[in-house]
Amino acid sequence: MAEVDPSEVALLRLVAQRLAGPGEPDAAAAVRWLLAAQAQDLRGALLSTALRAPADGAADDPAGARPAPAPAGARLAGARSAPDLGGVRAALASGALVRSWPLRSTLHLVAAEDLGWLLALSTERQLRGAASRRAGLGIDEALVERARGVVVDALAGGRRLAREEVLALWEEAGVLGDGPDPGTGRGTGRVPQRGYHLLWTLSQTGTTCWGPLLPDRAGAGASDQQAIVLLDEWVPAPRRLEREEALGELARRYLASHGPASLADLVRWSGLTVREARAGLALARPHLEALTCGGTEMLLDPATPERLARCRDDARRTLLLPGFDEMVLGYADRSATVPAEHAAAVVPGGNGVFLGTVVTGGRAVATWRRTGRRTGRRTGPPVVATAFDGGDDGLAPAVAAEVARLGAALPT
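Residues numbered from 1 in each chain as written. Predicted model: local features only at pLDDT ≥ 70, side-chain atom pairs only at ≥ 80, totals over all residues. Heavy atoms only, no water.

## Observations regarding the confidence of the model for the protein chain
The pLDDT averaged across the protein chain works out to 88; a share of 86% of its residues lies at or above 70. Predicted confidence for residues 58-78 stays below pLDDT 50, and this span has 31 contacts to residues more than four positions away or in other chains. Within the model, the stretch residues 374-378 combines pLDDT values under 50 with one contact to residues more than four positions away or in other chains. (pLDDT = per-residue confidence, 0-100. Contact = heavy atoms within 4.5 Å.)

## Concerning the sheet that holds strand E11 (residues 363-370)
In spatial order, the strands read E9-E10-E11-E14; together these four strands make up an open sheet with antiparallel pairing. Strands with a single pairing partner mark the edges of an open sheet, and in this sheet they are strand E9 (318-321) and strand E14 (383-387). Taking each pair of neighbouring strands and ignoring which way they run, the sheet shows an average axis angle of 30°. Inspection of the sheet shows E11 paired to E14 by five bridges, in the antiparallel sense. In the sheet register, Ala366 faces E14, and the bridge partner there is Ala387. (Pairing = 2+ DSSP bridges. Helix = DSSP H or I, 4+ residues; strand = E, 2+ residues; numbered from the N terminus. Axes fitted to C-alpha atoms, helices over the stretch in contact; angles between N-to-C directions.)

## Observations regarding the nonpolar core
Grouped burial of nonpolar side chains is what soluble globular proteins tend to show. Membership of the largest hydrophobic core comes to 59 residues, with the highest contact counts inside it found for Leu97 and Leu320. Excluding residues that lie within four positions of it along the chain, Leu320 makes contacts with Leu51, Thr357, Val358, Trp368, Val383, Val399, Glu402, Val403 and Leu406. Ranked by size, the runner-up nonpolar core spans 35 residues in total, among them Tyr254, Trp269, Ala277 and Leu281. (Core = buried A, V, L, I, M, F, W, Y, C linked by side-chain atoms within 4.5 Å. Buried < 20%, exposed > 50% of the residue type's maximum accessible area, 1.4 Å probe, protein only.)

## Comments concerning unusual backbone geometry
Cis geometry marks the peptide bond from Gly259 to Pro260; its omega dihedral reads 10°. Relative to the elements of secondary structure, Pro260 occurs in the loop between helix H11 (243-258) and helix H12 (263-270). You will see that Arg18, though not glycine, has its phi angle at about 65°, which is positive. Residue position: Arg18 is located in the loop between helix H1 (6-16) and helix H2 (27-34). Overall, Arg18 belongs to the buried group, its relative accessible area being 8%. Located in the positive-phi region is Leu35, a residue other than glycine, with phi close to 80°. Tracing the chain through its elements places Leu35 in the loop between H2 and strand E2 (37-38). Assessed through its relative accessible area of 0%, Leu35 is described here as buried.

The structure is reproduced here in structure tokens:
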């Protein structure tokens, strides 16, 4: 079993996650490859997905001209084309991608056909874990069913509603408060967070999911807000897997798309118990290759080392990743990409909000944020990068080049 150092692990992960080398052909394929992509920050999730599915699916000519199609092996080096946010929005509009809480009670983007079996693996445990919170919000099964009935009646037949529209219906029905006013029959107000928890519960139990992006207020295009839809209408043909098969599928696809990764990484990412993760890993192992890093066994897709060999220069280039990108969030031990001594800089205050990272050679070297501020008649830099060591480390030209490549895809 080969031993590699953390820097090699980081580069292998970049390739496995399709951030280096050729990307996936479209947004749905990119998310399907990852199995699930963390998406509590929707704008960041759109960019994370688009980074893995560039507009031409390959590399661009450094001069900016898009090349003619070439064999896959010939396209492994060079800078990526601009990320295709339109393709991600289209995948949401068509129902190829959906957003829900399939893992760790955290919002993720998933391919539509995968949501049902992922929920089946996690729902019972997630509901048990939320029991005390549910009680604290005054939610019992009768209230959940009242809320479900209101939503099903409102959405049946392919209708779509914004979150605030659903909350308004619940408020009118007395679901969000202490009950209807005897005089008016309307609700008496909202219990803070009850509406959010009910939305989570209905999605966790397979009644609803987040579907297409809603039109913006001007009606000129898509906003950054998703509609709530009925899951069985929006995803009429979900995959059905027996539990053992689902455990093996999850382990195989996570380790292929995120590997090299360890059993601990699999447990942390999936929310499975160690026992379940071991069972899945036993089924997945014949499809994977093993190596060690610091004495820890890690597994990966057997094709990943060869992919890296053909695009090592591309993997070493500078990338701007959104704050909740899978390259950082996808592991229990993130030190291969984010040096342990700088982890706090990526999550200031330990509040669970991850800043965007500047990654060079597979390693995070800085954080970044979008500015868009104006001073007089001059527009300031669209992105400000803060190096971990407080200096510039020559990052400015590479960051500027990446900002130019990302263009309007950068989240505001």
